[in-house]
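Listed below, chain by chain, are the residues.
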Amino acid sequence: MARILVNNSGPLNGEVTVSGAKNSVLPLLAATLLTEDNCIIEGVPSLADVHIMKEMLKSFGAEVDDSEDGIVNVKASEILTVEGNPELVQEMRASTVAMGPLLARCGKVVMPMQGGCTIGKRPIDLHLKGFRSLGAKITEEEGRVIIEAGPEGLVGDAIYLDFPSVGATENILMAATLAKGTTIIENAAKEPEIVDLANLLNKMGAKIKSAGTDLIRIEGVERLSGAVHGVIPDRIEAGTFMLAAAITRGKVHVKNAIPGHVRPIISKLKESGVYVEITDEGIYVDGSREELVATDIKTLPYPGFPTDIQSPFMAFLATVQGSSVVRETVFENRFMHVVELNRMGADITTENREAVIPGGKKLHGAKVRATDLRAGAAMILAGLVASETTEISEIYHIERGYEDIVSKFKGLGADLMKVED
Ligand code: EPZ
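Here we summarise the structure given alongside this text. Since this is a predicted model, take the numbers as computed values, not measurements.

Moving on, we come to the overall build of the chain. Regarding its fold elements, the chain presents 14 helices and 23 strands. Since a compact globule built from 421 residues should have a radius of gyration of about 22 Å, the 22 Å found for the chain is in line with a globular shape. Dimensions of the chain, computed from the C-alpha atoms along their principal axes, are close to 65 × 45 × 45 Å. Within the chain, the fraction of its 421 residues that count as buried is 57%. Contacts spanning at least 24 positions in sequence make up 73% of the contacts within the chain whose residues lie at least 6 apart.

Written out as structure tokens, the structure is:
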């Protein structure tokens with residue numbers, strides 16, 4: 001199994017450019033199934049999850065050409081099957097975001113039911129609630145969920161999301177673009193990735209209003225056409241590199257980041273005494289100016305503090321003076337990285353969805369696991385300031401969501417390497 005070895009690297013310095021957002025490009029690629037015309041998605045990061053999504057599109061019958069760097073050309077002129085490939089679906093939960101487009105385009109979709117993952121059960125009840133509201137019939141058999149539109153196709157309706165689920169909002173949004181009449185999604189997710197998806201869909205001819213707010217209005221249209229669209233930068237990657245400057249007390253210019261997408265991270269870093277400056281090209285972070293201190297974190301749906309930055313931020317909090325409290329309100333089991341950080345001397349305690357980080361620790365190297373993609377990034381951050389070498393296994397998690405992460409850290413002066421068995 002491949003591993004990443006990280007040595008104490010001292011303060012990181014320099015600049016790093018953020019890639020396209022993983023959590024945007026996956027629904028954008030799924031949206032290309034809504035039309036038989038050619039779609040071009042630009043700024044696509046080279047990630048394992050993106051590769052799986054492209055294989056998923058091909059499995060439905062789309063032609064996918066990604067010969068050029070970061071530009072993916074998709075033409076789903078005909079859909080050969082509406083059944084998701086079990087291996088691909090099992091490999092990547094986010095493949096469920098193909099349900100909405102296929103249901104809208106073909107009137108039916110069949111998806112293998114998925115188990116949970118390390119951070120939680122990951123149910124799709126809100127996705128299915130939305131499809132039912134649009135008139136779809138849902139049955140389950142032999143571990144598959146079968147969703148079929150009514151006799152007159154999908155019909156617009158008002159849908160209230162009990163939780164502002166990102167995936168459910170994306171799936172319902174895409175399904176509603178071709179439904180008859182108007183759909184309203186209440187308590188919708190407001191993440192930048194939702195806005196990015198709505199912008200592509202509107203370029204394709206959809207009629208979507210107020211994406212990015214908690215009430216999205218969609219007026220169904222007859223058909224959608226092709227479009228060209230660039231992916232927004234990855235706000236979670238941006239936050240990860242901002243934290244790399246903070247935890248190593250270095251100075252890093254995170255370029256191609258959109259400050260408006262990372263406001264909670266900027267605020268919390270400033271509360272800890274980190275210097276943060278918005279520049280014309282991104283965000284400049286200097287962790288060297290003051291003694292850094294504790295701050296409390298509570299993860300919430302956007303625009304609250306992002307759950308995906310919770311574990312990297314916890315690694316940082318282990319190194320500052322004073323005790324911090326981290327509350328995880330989005331996923332039910334997203335503290336798997338605590339055990340790994342404690343192997344390095346962080347001395348964190350947890351109770352239910354709350355963790356107490358005593359802070360002021362001198363971390364030491366250890367053999368640790370990447371328990372999910374963001375926890376893997378947290379292990380790299382901790383390893384940068386730990387004495388002795390930190391050996392991170394199960395790094396396939398990390399490579400699902402961070403493009404060229406080892407070379408990007410090396411470019412900032414980090415001492416780390418990937419080793420294959
Ligand atoms: C997206 O997952 C992201 N993934 C996640 O990023 C991110 O952590 C999450 O949104 C929250 O911001 C992608 O975009 C591919 P949710 P998603 O539906 O859509 C519950 C990463 O590291 N829920 O907003 O699956 C669910 O159990 C990944 O890049 C239901 O109960 O997130 C969870 O507790 C990790 N029923 C909460 O809502 C449903 O039908 C948030 O889930 C759907 C969700």
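Sheet architecture is open: three strands sit in the order β6-β8-β7, paired in antiparallel fashion. Each edge of the sheet is formed by a strand with only one pairing partner; in this case those strands are β6 (108–112) and β7 (137–141). Sheet twist, expressed as the average angle between the axes of neighbouring strands with direction ignored, equals 15 degrees. Direction of pairing for β7 relative to strand β8 (residues 144–148): antiparallel, over a ladder of five bridges. When the bridges of β8 are listed, Lys 137 appears paired with Glu 148. Set on the sheet, helix α4 (residues 99–106) makes contact with β6 and β8; between it and β6 the angle comes to about 150 degrees.

Okay, the site of the ligand next. Surveying the vicinity of the ligand reveals 21 residues, the closest of which are Asp 125, Leu 126, Ser 165, Asp 308 and Val 330. At 3.4 Å from an oxygen atom of the ligand is found a side-chain nitrogen or oxygen belonging to Arg 334. Computed on the free molecule, the ligand has an accessible area of 820 Å², of which 85% lies beneath the protein chains in the complex. Of all the elements in the fold, those that place two or more residues in the shell around the ligand are α1 (22–31), α5 (125–133), α6 (166–176) and α12 (373–385). Of all the elements, α5 adds the most residues to the shell around the ligand, at three residues. Here the residues of the shell around the ligand are counted per class, giving ten nonpolar, five polar and six charged.

Relative to the helices and strands, Asp 372 is located in the loop between β21 (367–369) and α12. A polar contact is formed between the side chain of Asp 372 and the backbone nitrogen of Arg 374, at a distance of 2.6 Å.

With that out of the way, let us pick up the pattern of salt bridges. Overall, the coordinates contain 25 salt bridges when judged by the stated rule. Note that Glu 271 is salt-bridged to Lys 268, the shortest N-O span being 3.0 Å. Here Lys 268 and Glu 271 lie together in helix α9 (residues 263–271), a separation of three residues that amounts to about one turn. Relative accessible area serves as the criterion here: at 45%, Glu 271 is assigned to the partly exposed category. Residues Glu 394 and Arg 369 are paired through a salt bridge, measuring 3.1 Å at the closest nitrogen-oxygen approach.

The space that makes up the second largest pocket amounts to roughly 240 Å³. In terms of lining, the second largest pocket is formed by 14 residues, of which the most central are Ile 247, Arg 249, Thr 319, Lys 361 and Lys 362. Residues belonging to the lining of the second largest pocket are distributed by class as follows: four nonpolar, five polar and five charged.

Across all of its chains, the model carries four aromatic pairs by this definition. When the centroid spacing of 5.4 Å and the interplanar angle of 85 degrees are considered together, the rings of Phe 305 and Phe 313 count as edge-to-face. With relative accessibility at 5%, the residue Phe 305 sits in the buried group. Judged by centre distance (5.5 Å) and plane angle (90 degrees), the ring pair of Phe 313 and Phe 316 falls under edge-to-face. Residue Phe 313 and its partner Phe 316 are both found in helix α10 (residues 310–317); the two are separated by three residues, about one turn of the helix. Phe 313 sits in the buried class, given a relative accessible area of 0%. Overall, the relative accessible area of 0% leaves Phe 316 in the buried class. Ring-pair connections join several aromatic residues into one group, and the members of that group are Phe 305, Phe 313 and Phe 316. Positioned above the aromatic ring of Tyr 275 is the side chain of Arg 289, whose terminal nitrogen or guanidinium carbon lies 3.6 Å from the ring centre.

As a further point, take the nonpolar core. Core analysis: the largest hydrophobic core is formed by 76 residues, its most contacted members being Ile 147, Leu 173 and Leu 201. In this structure, Ala 257, Val 285, Met 344 and Ile 348 belong to the second largest nonpolar core, which totals 69 residues.

Attention shifts here to the environment of Ala 315. As for its position among the elements, Ala 315 is in helix α10. Residues Ala 315 and Ala 377 lie 62 residues apart in sequence; the distance between their C-alpha atoms is 9.5 Å. Residues within four places of Ala 315 in sequence aside, it is in contact with Ile 247, Leu 341, Ala 378, Leu 381 and Ala 382.

On to the packing of helix α8 (residues 235–248) against α12, then. Relative to each other, α8 and α12 sit at 20 degrees, their axes nearing to 9 Å. Put simply, α8 runs roughly parallel to α12. Between α8 and α12 the crossing geometry is right-handed. The segment α8 lies against α12, with Ile 236, Thr 240, Leu 243, Ala 244, Ile 247 and Thr 248 engaging Arg 374, Ala 377, Leu 381, Ala 382, Leu 384 and Val 385. Its residues assigned to classes, the contact of α8 with α12 shows nine nonpolar, two polar and one charged.

Rules used in this analysis
Residues numbered from 1 in each chain as written. Predicted model: local features only at pLDDT ≥ 70, side-chain atom pairs only at ≥ 80, totals over all residues. Heavy atoms only, no water. Helix = DSSP H or I, 4+ residues; strand = E, 2+ residues; numbered from the N terminus. Rg over C-alpha atoms; globule rule 2.2 N^0.38 Å. Buried < 20%, exposed > 50% of the residue type's maximum accessible area, 1.4 Å probe, protein only. Contact = heavy atoms within 4.5 Å. Pairing = 2+ DSSP bridges. Axes fitted to C-alpha atoms, helices over the stretch in contact; angles between N-to-C directions. Near = heavy atom within 4 Å. Polar contact = N/O pair within 3.5 Å; in protein donor to acceptor, adjacent residues only side chain to side chain. Areas by Shrake-Rupley, 256 points an atom, 1.4 Å probe, with all protein chains shown as cover. Nonpolar A, V, L, I, M, F, W, Y, C, P; charged D, E, K, R; others polar. Salt bridge = Lys/Arg side-chain N within 4 Å of Asp/Glu carboxyl O. 1 Å grid on protein atoms, 1.4 Å probe; cavity = no way out; pocket = protein on both sides within 12 Å on 5 of 7 lines; lining within 4 Å. Points joined across faces, edges and corners; volume = space filled by probe spheres on them. Phe/Tyr/Trp six-rings, centres within 6.5 Å; stacked < 30°, edge-to-face > 60°. Lys NZ or Arg CZ within 6 Å of the ring centre and 35° of its normal. Core = buried A, V, L, I, M, F, W, Y, C linked by side-chain atoms within 4.5 Å. Parallel < 35°, antiparallel > 145°, perpendicular 65-115°, else oblique. Left-handed = near helix turned anticlockwise from the far one by under 90°.

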